[in-house]
Amino acid sequence: MMVRQWRWTVVSLTVIFLLLSIHVQEGEGRQQHFVLIHGLGHGAWCWYKIVTLLKQKGHRVTALDLTSNGINRAASTDQVNSIAHYAEPLQEYIRDLGNDDKVTLVGHSLAGCPLSYAMEMYPTKISKAIFIAAFTPQNNESFLSSANPKTFPRLVENGVVVLNMKADSDLPTSASLVLDHVKSYLYNESPDEDSNLAQSLLTPTPFPVSVEFLKLSEERYGSIRKFYIMLMKDRLFPPEFQEYSIAQNPPEKVFKMHASDHSPFFSQPRQLCNLLVHVATL
């Protein structure tokens, strides 16, 4: 009787180990390393739900403040005149990674530009890039030139974005989201508490990063697998504008979040978390 029980135990353990092996081989059981980059006016704070959910699943995750946004005060907004300067916190983080450490970069909205810049600079340290309702410039394109021509003028004309000028400058120094409009354009499906939180933390974003033309090569930038997440209830960057960006610079695969506004980290955090993990393991 004891021999039979022992045999059943051995068989059961063998089956369990085989199932676990298959699970790990498919990627779902491996720890992933995510680096999250915010969009216009936001900071690392906007990812607080996603950071928590990813860590609960056992993944490594870092949310960064780009220069002059969030709590980053390495320079004032008016002092940031290039994507290299704006993306310096991202560059430093990737540069300091271990030789065998590769990350999945996740960029939201305007973050498509610093994301693309980092992909060109450090292609061997980035396993995948995930663009969430983000701009996807190609070589010799800027954030503005890569977008549907109606994108930015529409936001300025509707009073959603205001351009900040200095007396001695021909170009705007920064762009700010107008608080009276953020609930209806960015957080239309998000909880009120998150919208209220955002309104107390939003800051101007350096404008020069919007007009700088990127140098992206097929050998470096083009070697990284790109994925795109569309947000179907987005009023800031509507689906038809997202489709324009996708058509201009097609990713490997497109996913759709049908119930999300422009801010899925607030409106659909669990769905976004699960989708990020899924894409990272493809």
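Things to note about unusual backbone geometry
Next up, step 1: Its identity as a non-glycine residue notwithstanding, Ser-68 has a phi of 85°, on the positive side.
Next up, step 2: Relative to the assigned elements, Ser-68 resides in the loop between strand E2 (60-64) and helix H3 (83-86).
Next up, step 3: A relative accessible area of 4% means that Ser-68 is categorised as buried.
Next up, step 4: Positive phi, normally seen in glycine, also occurs at Asn-140, with a value near 65°.
Next up, step 5: By secondary structure assignment, the location of Asn-140 is in the loop between strand E4 (126-132) and helix H6 (143-146).
Next up, step 6: Of the residues examined, Asn-140 reaches a relative accessible area of 38% and is grouped as partly exposed.

Details of the environment of Pro-123
Next up, step 1: When you line up the elements, Pro-123 lands in the loop between helix H5 (112-121) and E4.
Next up, step 2: On the basis of relative accessible area, Pro-123 is assigned to the buried category, the value being 14%.
Next up, step 3: A C-alpha to C-alpha distance of 6.6 Å links Pro-123 and Ile-224, two positions 101 residues apart in sequence.
Next up, step 4: Pro-123 has contacts with Arg-220, Ser-223 and Ile-224, leaving out every residue within four places of it along the chain.

What about helix H11 (residues 239-248)?
Next up, step 1: Turning to H11, its buried residues number three or more, namely Pro-239, Phe-241, Gln-242, Ser-245 and Ile-246. Along the axis of H11, the buried positions cluster into a sector of 160°, meaning they face one direction only.
Next up, step 2: Close packing links the buried residues of H11 with H6, helix H7 (151-157), strand E8 (225-231) and strand E9 (253-257).

Some details on the sheet that holds E4
Next up, step 1: An order of E2-E1-E3-E4-E8-E9 is seen for the six strands of this open sheet, with the pairing classed as parallel. Edge positions in the open sheet fall to E2 and E9, since each of these has one partner strand only. Each strand of the sheet is rotated relative to its neighbour by a mean of 20°, with strand direction disregarded.
Next up, step 2: The sheet contact formed by strand E1 (residues 33-37) and E2 spans five bridges and is parallel. Along E2, the bridge assignment pairs Leu-36 with Ala-63.
Next up, step 3: Along the sheet face, H5 touches E1, strand E3 (103-108), E4 and E8 and points at about 165° away from the line of E4.

A short note on the pattern of salt bridges
Next up, step 1: Within this structure, the stated rule accounts for six salt bridges.
Next up, step 2: Notably, a salt bridge pairs Lys-49 with Asp-194, separated by 2.6 Å at the nearest N-O pair. Of this pair, Lys-49 sits in helix H2 (residues 48-56) while Asp-194 sits in helix H9 (residues 192-201), and the two are 145 residues apart along the sequence.
Next up, step 3: Between Arg-60 and Asp-101 there is a salt bridge, with the nearest N and O atoms lying 3.1 Å from each other. Here Arg-60 is found in strand E2, whereas its partner Asp-101 is found in the loop between helix H4 (88-95) and E3, with 41 residues between them in sequence.
Next up, step 4: Using a relative accessible area of 36% as the deciding quantity, one classes Arg-60 as partly exposed.
Next up, step 5: With a relative accessible area of 15%, Asp-101 lands in the buried category.

Describing the packing of aromatic side chains
Next up, step 1: This structure, assessed with the given rule, holds eight aromatic pairs.
Next up, step 2: Here Phe-152 and Phe-207 contribute two aromatic rings whose centre-to-centre distance is 6.4 Å and whose plane-to-plane angle is 45°, an arrangement assigned as tilted. Residue Phe-152 is found in helix H7, and its partner Phe-207 is found in the loop between strand E7 (205-206) and helix H10 (208-211); the two are separated by 55 residues along the sequence. For the pair shown, Phe-152 and Phe-207 are each scored as buried.
Next up, step 3: With centroids separated by 5.0 Å and ring planes inclined at 85°, the aromatic side chains of Phe-265 and Phe-266 adopt a geometry described as edge-to-face.
Next up, step 4: When its relative accessible area of 0% is taken as the criterion, Phe-265 is described as buried.
Next up, step 5: On the basis of relative accessibility, which here comes to 1%, the residue Phe-266 falls in the buried class.
Next up, step 6: Members of the aromatic cluster, connected to one another through ring pairs, are Trp-47, Tyr-48, Tyr-187, Phe-265 and Phe-266.

The rules behind these values
- Residues numbered from 1 in each chain as written.
- Predicted model: local features only at pLDDT ≥ 70, side-chain atom pairs only at ≥ 80, totals over all residues.
- Heavy atoms only, no water.
- Helix = DSSP H or I, 4+ residues; strand = E, 2+ residues; numbered from the N terminus.
- Buried < 20%, exposed > 50% of the residue type's maximum accessible area, 1.4 Å probe, protein only.
- Contact = heavy atoms within 4.5 Å.
- Arc of directions from axis to C-beta.
- Pairing = 2+ DSSP bridges.
- Axes fitted to C-alpha atoms, helices over the stretch in contact; angles between N-to-C directions.
- Salt bridge = Lys/Arg side-chain N within 4 Å of Asp/Glu carboxyl O.
- Phe/Tyr/Trp six-rings, centres within 6.5 Å; stacked < 30°, edge-to-face > 60°.

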